[in-house]
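Structural characterization, general
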Amino acid sequence: MSDNKSETVRLTFKGLLSIYLPDEKVAEVYNATELSCRRNNWGIAIDESNLLDFVPMVKVEDSK
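Quick look at the structure, then. (Residues numbered from 1 in each chain as written. Predicted model: local features only at pLDDT ≥ 70, side-chain atom pairs only at ≥ 80, totals over all residues. Heavy atoms only, no water.)

1. Comments concerning the environment of threonine 33
Test applied: By the criteria applied, helices consist of DSSP H or I runs no shorter than four residues and strands consist of E runs no shorter than two, each listed in order from the N terminus. We call two residues in contact whenever any of their non-hydrogen atoms come within 4.5 Å of each other.
Within the secondary structure, threonine 33 sits in helix α2 (residues 23–40). Sequence-wise, threonine 33 and glycine 43 are 10 residues apart; in three dimensions their C-alpha atoms are separated by 9.8 Å. Apart from residues lying up to four places away in sequence, threonine 33 is in contact with Phe13, Ile44 and Phe54.

2. What about α2?
One turn of an α-helix holds 3.6 residues; hence residues three or four places apart share an orientation. Convention followed: In a helix, the anticipated span is given by 1.5 Å times the number of residues less one. Partly exposed residues are those whose accessible area sits between 20% and 50% of the maximum for their type, while under 20% is buried and over 50% is exposed, using a 1.4 Å probe and protein chains only. Read the arc as the range of directions from the helix axis to the C-beta atoms.
Here α2 is 18 residues long and its end C-alpha atoms lie 26 Å apart, about the 26 Å a rise of 1.5 Å per residue gives. Turning to α2, its buried residues number three or more, namely Val26, Thr33 and Cys37. The buried residues of α2 occupy an angular sector of 50° when the element is viewed end-on, so they sit on one face. Residues Glu24, Arg38 and Arg39 are exposed on α2 and point more than 90 degrees away from its buried face.

3. Topic: the pattern of salt bridges
Close approach of charged atoms allows side chains of opposite charge to pair. Filter applied, for reference: Think of a salt bridge as a Lys or Arg side-chain nitrogen and an Asp or Glu carboxyl oxygen that are within 4 Å of each other.
Tallied over the full model, the rule gives two salt bridges. One salt bridge in this structure joins lysine 25 and glutamate 28, with 3.3 Å as the shortest N-O distance. Residue lysine 25 and its partner glutamate 28 are both found in helix α2; the two are separated by three residues, about one turn of the helix. Classification of lysine 25 by relative accessible area gives partly exposed; the value is 38%. For the salt bridge of arginine 38 with glutamate 34, the shortest nitrogen-to-oxygen distance reads 3.2 Å. Of this pair, arginine 38 and glutamate 34 both sit in helix α2, four residues apart, roughly one helical turn. Judged by relative accessible area, which is 30%, glutamate 34 ranks as partly exposed.

So this is what it looks like as structure tokens:
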């Protein structure tokens, strides 16, 4: 019955919060995190081990 096929599941930060928190808290925590990131020029990235990490945002120039 099992095909042993690998399946990739993609989850957003907001989706991850919704697994652990009630809906009204998800919005509160997500908005506070987003505001803090914007104010401090940080972003949320996923590293090689699939762990969330806060990273500094850098401006990328277009190469033409």
